[in-house]
Structure formats: structure tokens, C-alpha cells
Amino acid sequence: MQKRDLPDLDAMNLDELWTIHEELTKILSDRILGEKRELEKRLAKLNQTSVVEGHGNNLRKPPPRRKYPKVLPKYFNPSEPSETWSGRGKKPRWLTLALQEGRAPEDFEIKKADEDRS
């Protein structure tokens, strides 16, 4: 690429500068679009090659998630017995507040029927 003698931009008036700006913008946008088209062609060609080489493996669905067993609740809210917690994940607000008040997690455990009989 040859270096051309550039005009003195400081000496040009606003209209001349704006005309140069518009011409440069058009040239740059045309070149960018051309590059984009070329890259899209190359990408399409690569995608065709990978599907042929992989015999369509890229089109398979991922395996379904493994089913986990149901976890029974271990703790309950005495003021609202329908609110329970299994001990997994984030602690519920009612338990966090009770622990801050000085109560122990054992106070909220759900007793099993076998333990009540003994």
C-alpha cells in the first residue's frame, strides 16, 4: 500500500471535511460488508464439512437430565407447619431468623413416627 500525500485537514473547511467523512464511511462500510460476506461463506463451508465428517452427530439432542430421588423435608416452621425445608440449598428465611434469635436447628426437626414411639 502506497502512502499518498494527504491534504492538510486543518486548512480545510467544514463542508470539505464532512464530504471526506462521508466518502470514508461509505468505503469502510462496503469493505466491512465484503469481509462479513466472505467470513459467512467460510463459516458455512466449515459447518458443511463438520456435519459430513461427524455424520450428523452435531444434530443429536443432549441426553435427558438424570432424575434425582425425592428428598423428604427435615425441618418445619412451627408457626406455619406447611413451610418445610429438606436441608438442601439455601436456608429459608424463617429458619435463618430463628437461628439468629439463638434457637437451634434441632428445634425445627421433623420427628419420624418411629422416634415418637420410643
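To be clear, the structure that these remarks concern was listed above.
Quick caveat: nothing in here was measured; it's all calculated off a predicted structure.

1. A look at the pattern of salt bridges
A full pass over the atoms with the stated rule returns two salt bridges. The partner of K26 in a salt bridge is D30, and the shortest N-O contact between them spans 3.1 Å. Highlighted residues: K26 and D30, both in helix α1 (residues 14-53), separated by four residues, approximately one helical turn. Residue K26 is classed as exposed on the basis of its relative accessible area of 53%. In this structure, the salt-bridge partner of R103 is D107, at a minimum N-O distance of 4.0 Å. R103 sits in the partly exposed class, given a relative accessible area of 39%.

2. So, the side chain of S86
Counting through the fold element by element, S86 comes out in the loop between β2 (80-85) and α2 (93-100). According to the relative accessible area criterion, S86 is buried, its value standing at 17%. Here the side chain of S86 touches R88 through a polar contact of 3.4 Å, landing on its backbone nitrogen. With residues near it in sequence (within four places) discarded, S86 still touches V71, L72, P73 and K74.

Definitions and limits used
- Residues numbered from 1 in each chain as written.
- Predicted model: local features only at pLDDT ≥ 70, side-chain atom pairs only at ≥ 80, totals over all residues.
- Heavy atoms only, no water.
- Salt bridge = Lys/Arg side-chain N within 4 Å of Asp/Glu carboxyl O.
- Helix = DSSP H or I, 4+ residues; strand = E, 2+ residues; numbered from the N terminus.
- Buried < 20%, exposed > 50% of the residue type's maximum accessible area, 1.4 Å probe, protein only.
- Polar contact = N/O pair within 3.5 Å; in protein donor to acceptor, adjacent residues only side chain to side chain.
- Contact = heavy atoms within 4.5 Å.

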